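Survey of secondary and tertiary structure
Single-letter residue listing:
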Amino acid sequence: MGRTKNKSMKWQVQALLLSKLCIGQSRHEAKKEAKNEGKSTPDGIYSWATYNTYKKHCMYFAEWCKDIHGCRTIEDAKSYIQEYVDSRINKGLSAWTIKMEASAIAKMYGCSTSELDLNTPDRKRENIKRSRKSCSHDKHISKDNYKDIIDFCKGCGLRRHELAQLKTENIMIEKSNVYVEVLQGKGGKRRIVEVLPRYRGHIKSYQNDNIGEYVFKKIPQNLDIHSYRASYACELYKTLERPLNSLTREQKYYCKGDLKGNVYDKRAMLKVSEMLGHNRINVIASNYLWDLHK
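The present account deals with the structure reproduced in this document. (Residues numbered from 1 in each chain as written. Predicted model: local features only at pLDDT ≥ 70, side-chain atom pairs only at ≥ 80, totals over all residues. Heavy atoms only, no water.)

1. Regarding the environment of C111
In this structure, C111 sits in the loop between α6 (95-108) and α7 (147-156). Spatially, the C-alpha atoms of C111 and D43 are 7.5 Å apart, while their sequence positions differ by 68 residues. (Helix = DSSP H or I, 4+ residues; strand = E, 2+ residues; numbered from the N terminus.)

Right, here's the structure in full:
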């Protein structure tokens, strides 16, 4: 772990995570290389957003170990990881949050969660709370005041950070069609997003000749951007779906688990997945098309 004498726990956390930064390098290539080496995940951290998230949660872990067990070094804290995870479970945090925190800690130690032999709760689709129903923060914002942003999101399904980075020149018009260019999506990937027909006029109105001007200078934190992505996904899917009785079994996607009984058109799902920047139809079925069955 290196020399840590007289160094604070916070300093140790930051130093370890900074040593794993691989900004500008391809995470996709790193994942392929890790797979070839028999690893479940690459060693590095490939975005500042991930680094900042991991640092925050590793700091929480370090402070907890210092306060509860009097640890002075990150190496001393290693034996208390499971106890910390259990304390987070007891606080009622979601399985997704706990998995993310465990991943952050494992990354700091240069290994995977499986190598640490951690017991964490299973993530089940039926327990997803995000964007499924009204949340407390929804009550503290007037959607009427932000209709322009909401309609923009429903028209192209961008992530929050993609929306924040979007500039006016990234809106492209081709005859009657309108597209949005995402320069750095998840994993640094570029993609061209097709705007839904009924939102074309609205999104088109944001295009101008002011190169470098952001489309939205401020995006309220309380706006549920993920739910608007789901709205986009559902509406796009419905425009692409072929009659299921005309498709072969291989052309259909059959859901499992608590979604068993739902059947989708694979080709339509692949297109929706591409527009959202996922390229995995199982994610589309579990996290976005739920609104079709309300």
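2. Considerations on the pattern of salt bridges
If you walk through the whole model with that rule in mind, you get 8 salt bridges. Between E29 and K32 there is a salt bridge, with its nearest N and O atoms 3.3 Å apart. One end of the pair, E29, and the other, K32, are both in helix α2 (residues 27-36), 3 residues apart, so they sit about a helical turn from each other. What makes E29 partly exposed here is its relative accessible area of 42%. Take K32: its relative accessible area is 41%, and that puts it in the partly exposed class. The salt bridge involving R191 is made with E162; its shortest N-O contact spans 2.8 Å. Of the two residues, R191 is situated in strand β3 (residues 191-194) and E162 in helix α8 (residues 160-165); the sequence distance between them amounts to 29 residues. Here R191 matches E162 in class, with each residue buried. (Salt bridge = Lys/Arg side-chain N within 4 Å of Asp/Glu carboxyl O. Buried < 20%, exposed > 50% of the residue type's maximum accessible area, 1.4 Å probe, protein only.)

3. Here's the deal with a positive patch on the surface
The grouping of R27, K31, K186, K189 and R280 at the surface amounts to a positive patch. Topologically, R27 is positioned in helix α2. When its relative accessible area of 39% is taken as the criterion, R27 is described as partly exposed. (Patch = residues over 30% accessible without salt bridge, like charges linked within 9 Å, V, L, I, M, F, W, Y side chains within 5 Å. Areas by Shrake-Rupley, 256 points an atom, 1.4 Å probe, with all protein chains shown as cover. Lys, Arg positive; Asp, Glu negative; His and termini not counted. Charge placed at Lys NZ, Arg CZ, Asp CG, Glu CD.)

4. Quick look at the packing of helix α3 (residues 48-69) against α6
Contact geometry for α3 and α6: axes closest at 9 Å, N-to-C directions at 90°. One way to sum up the angle between α3 and α6 is to call them roughly perpendicular. Residues T53, Y54, H57, C58 and F61 of α3 lie in contact with α6, whose contacting residues are M100, E101, S103, A104, I105, K107 and M108. Across the contact of α3 with α6, the residue classes tally to 7 nonpolar, 3 polar and 2 charged. (Axes fitted to C-alpha atoms, helices over the stretch in contact; angles between N-to-C directions. Parallel < 35°, antiparallel > 145°, perpendicular 65-115°, else oblique. Contact = heavy atoms within 4.5 Å. Nonpolar A, V, L, I, M, F, W, Y, C, P; charged D, E, K, R; others polar.)

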